[in-house]
Amino acid sequence: QVQLVESGGGLVQAGGSLRLSCAASGLTFRDYGMGWFRQAPGKEREFVAAISWGGGSTYYADSVKGRFTISRDNAKNTVYLQMNSLKAEDTAVYYCAASRIHTIKREMYGYWGQGTQVTVSS
């Protein structure tokens, strides 16, 4: 059974940083592209960042480019999202997801975590 478990969310002041982690099990991690998405109240789930199987290629949403960094450790079956210079508009539930391809398209991700709340106070 595939499990993706996010951690690292919390409450932070604007301008601060958080590092999210997502531990994967039940799948051959190195065979999957990994992504981070987020969903704010009343809004659709949106793409944040994605990383390829070996970590050599990354994609970012324009809203987070230059502030967020996605990385992965295939030895630990874990993907990370380093979030710096956080803004109030980054407040959302953050989800990690796994896809057989390297993509920004939400519908191509077949496995999802339960999400972790990130709240940025202004």
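Residues numbered from 1 in each chain as written. Predicted model: local features only at pLDDT ≥ 70, side-chain atom pairs only at ≥ 80, totals over all residues. Heavy atoms only, no water.

Visitor: How would you explain the sheet that holds strand S3 (residues 18–25) if you had to name every residue and give the values?
Guide: Taken in spatial order, the 4 strands of this open sheet run S1-S3-S8-S7, and their pairing is antiparallel. This sheet does not close on itself; its edge strands, each paired only once, are strand S1 (3–7) and strand S7 (68–73). For this sheet, the mean angle separating the axes of adjacent strands, direction not counted, is 15°. Sheet topology note: the S1/S3 ladder contains 5 bridges and is antiparallel. Pairing of Glu6 across the sheet is with Cys22, part of S3. (Pairing = 2+ DSSP bridges. Helix = DSSP H or I, 4+ residues; strand = E, 2+ residues; numbered from the N terminus. Axes fitted to C-alpha atoms, helices over the stretch in contact; angles between N-to-C directions.)

Visitor: Describe the nonpolar core, with residues and values.
Guide: The biggest cluster of nonpolar side chains holds 34 residues, and the ones touching the most others in it are Trp36, Val79, Leu81, Met83 and Tyr94. Aside from chain neighbours lying at most four places away, what touches Tyr94 is Glu6, Leu20, Trp36, Phe37, Arg38, Val48, Phe68, Leu81, Met83, Gly115, Thr116 and Val118. (Core = buried A, V, L, I, M, F, W, Y, C linked by side-chain atoms within 4.5 Å. Buried < 20%, exposed > 50% of the residue type's maximum accessible area, 1.4 Å probe, protein only. Contact = heavy atoms within 4.5 Å.)

Visitor: Let's hear about the environment of Ser121: which residues, and what values?
Guide: By the secondary structure assignment, Ser121 is in strand S11 (residues 116–121). Separated by 53 residues in sequence, Ser121 and Phe68 have C-alpha atoms that sit 18 Å apart. Apart from the residues within four sequence positions on either side, Ser121 is in contact with Leu11, Val12, Gln13 and Ala14.

Visitor: Go over the pattern of salt bridges with me, naming the residues and quoting the values.
Guide: Summed over the entire model, instances satisfying the criterion amount to 4 salt bridges. Here Glu46 makes a salt bridge to Arg38, at a shortest N to O gap of 2.7 Å. A relative accessible area of 37% places Glu46 in the partly exposed class. Under the relative-accessibility criterion, Arg38 is labelled buried at 6%. (Salt bridge = Lys/Arg side-chain N within 4 Å of Asp/Glu carboxyl O.)

Visitor: Tell me about the packing of aromatic side chains, and please be specific about residues and values.
Guide: Scanning the entire structure with this criterion turns up 5 aromatic pairs. Taking the centre distance of 5.0 Å and the plane angle of 55° together, the rings of Phe37 and Trp112 count as tilted. Note that Phe37 is positioned in strand S4 (residues 33–39) and Trp112 in strand S10 (residues 111–112), a separation of 75 residues in sequence. In textbook terms, an aromatic cluster arises when at least three aromatic residues are bridged by ring pairs, as seen for Phe37, Phe47, Tyr109 and Trp112. One cation-aromatic arrangement involves Arg19 over Tyr80; the distance from NZ or CZ to the ring centre is 4.0 Å. Taking NZ or CZ as reference, Arg100 lies 4.9 Å from the ring centre of Tyr32, over its face. (Phe/Tyr/Trp six-rings, centres within 6.5 Å; stacked < 30°, edge-to-face > 60°. Lys NZ or Arg CZ within 6 Å of the ring centre and 35° of its normal.)

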